[in-house]
Amino acid sequence: MPSRVALIGAGRMGTPLCGRLVSAGHAVTAFDLRPEREAAVRSLGADWAPSAATAAAGADVLVTVVPGPDEAAAALEDAVFAALATGAVWIDMTSNAPAVARELRKRAGAHGVDVLEAPMGGGPDDAEQGRLRLFVGGSADVLDRCRPLLEAVTTSDRIRHMGGPGTGYTTKLLVNLLWFGQATATAEVLLLGRRAGIDLTALHGTLAGSAAGSDFIRRDLPALFAGDYLRSYGLDRIHDQLKVITEEAQDLGTPHEMADTVLRIHRQALERFGPVDGELLAVALLEEAAGTLLRP
């Protein structure tokens with residue numbers, strides 16, 4: 001059944017999601033802090049609201065797709081949850097911090113709003129093509145209610161229920177930690193291999209087909225070889241997410257030496273390059289330290 005959806009956040013990820021929800025027959029009203037996003041939203045067939053609370057008025061589903069925890073906390077005042085229809089659900093697709101989301105979940109619950117977290121794996125192209133991966137945390141019953149809407153933005157096999165509240169956010173952060181860890185470790189390996197006289201193309205192919213192969217090596221490394229540092233996400237956001245998952249390891253008492261190292265390298269990259277877009281700028285930092293570029 002089509003829903004009345006309030007979408008908060010019409011940026012690089014929110015806009016293609018808006019288009020897919022409209023195409024699936026949902027009535028979408030969007031809000032973004034940047035009024036210049038209105039034209040793009042309306043061109044997709046959605047309505048525009050001047051505030052988050054106005055967008056939420058009478059909506060069955062509230063979907064948030066904002067850059068991070070600070071933006072989520074700022075956007076979701078009590079008035080937003082109070083404006084939703086009775087029995088509404090809040091689906092947070094933000095890469096949120098579990099601690100921040102916990103307080104927002106309490107705020108939503110005080111207004112009788114059910115909550116589902118579904119942070120995304122993938123980029124704008126994945127959002128547009130309906131191939132995002134969703135790491136879902138929350139009640140299985142709420143997920144069942146929301147599944148038809150989630151299947152408007154991705155396929156059922158890409159919707160993974162990870163457990164109760166907080167598990168979806170943590171899973172997304174763990175995926176990020178491993179990916180950025182693999183990126184930096186792979187860069188060190190390639191720089192060492194080149195210095196030792198190994199052809200990069202030969203080393204790439206060998207690694208991809210070996211026990212050390214990974215999606216990063218097989219899928220993402222060619223972009224680096226072409227000089228593309230994947231400028232689709234902010235280095236400051238990457239650092240903040242790595243900091244959150246490292247602090248969670250500290251809080252839960254698990255080893256985090258590798259996480260500390262990945263975080264430190266990305267902190268140094270942030271200090272060197274600033275809060276610019278570039279998922280592989282930590283690799284650029286290692287290239288500078290080695291005095292060579294990873295180009296075949």
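Read on for an overview of the structure. What you are looking at is a predicted structure, and each value in this text was computed from that prediction instead of being measured.

To continue, consider the environment of Leu 44. Examined against the element boundaries, Leu 44 turns out to sit in the loop between helix H2 (38–43) and strand E3 (47–48). In this structure, the C-alpha to C-alpha distance between Leu 44 and Pro 16, residues 28 residues apart in sequence, is 8.9 Å. The residues contacting Leu 44, other than those within four sequence positions of it, are Thr 15, Cys 18, Gly 19 and Val 22.

The next subject is the nonpolar core. Core analysis: the biggest nonpolar cluster contains 37 residues, and Leu 190, Leu 280 and Leu 294 have the highest contact counts within it. Sorting the residues of this core by element identifies helix H9 (167–195), helix H10 (200–208), helix H11 (215–225), helix H12 (235–252), helix H13 (257–273) and helix H14 (281–290) as the ones contributing at least two each. Per element, the largest residue contribution to this core is eight residues, and it comes from H9. Filtering out sequence-adjacent residues up to four positions away, Leu 280 remains in contact with Trp 179, Ala 183, Phe 216, Leu 224, Asp 228, Tyr 229 and Leu 230. Ranked by size, the runner-up nonpolar core spans 34 residues in total, among them Met 13, Val 63, Val 89 and Ala 152.

Let us look at the pattern of salt bridges. Scanning all chains against the criterion turns up 15 salt bridges. In this structure, the salt-bridge partner of Arg 107 is Asp 78, at a minimum N-O distance of 3.8 Å. Linking Arg 107 in helix H6 (residues 98–110) with Asp 78 in helix H5 (residues 78–83), this pair joins segments that are 29 residues apart in sequence. Looking at Asp 78, the relative accessible area reads 42%, which means it is partly exposed. Where Glu 288 meets Arg 272, a salt bridge forms, and the shortest distance between an N and an O atom there is 2.8 Å. Placement of the pair is Glu 288 in helix H14 and Arg 272 in helix H13, with a sequence separation of 16 residues.

Moving on: the packing of aromatic side chains. For any two aromatic rings, the description comes down to two numbers: the centre-to-centre distance and the angle of the planes. According to the stated counting rule, one finds three aromatic pairs in the structure shown. Between Trp 179 and Phe 216, the aromatic rings sit 5.4 Å apart at their centres with planes inclined by 80 degrees, giving edge-to-face as the arrangement. Remark: Phe 216 occurs in helix H11 and Trp 179 occurs in helix H9; sequence separation between them is 37 residues. Accessibility expressed as a relative area gives 1% for Phe 216, which makes it buried. Three or more aromatic residues joined by ring pairs make a cluster, and in this case those are Trp 179, Phe 180 and Phe 216.

Basis of the calculations
Residues numbered from 1 in each chain as written. Predicted model: local features only at pLDDT ≥ 70, side-chain atom pairs only at ≥ 80, totals over all residues. Heavy atoms only, no water. Helix = DSSP H or I, 4+ residues; strand = E, 2+ residues; numbered from the N terminus. Contact = heavy atoms within 4.5 Å. Core = buried A, V, L, I, M, F, W, Y, C linked by side-chain atoms within 4.5 Å. Buried < 20%, exposed > 50% of the residue type's maximum accessible area, 1.4 Å probe, protein only. Salt bridge = Lys/Arg side-chain N within 4 Å of Asp/Glu carboxyl O. Phe/Tyr/Trp six-rings, centres within 6.5 Å; stacked < 30°, edge-to-face > 60°.

Geometric values such as these leave the question of function open.
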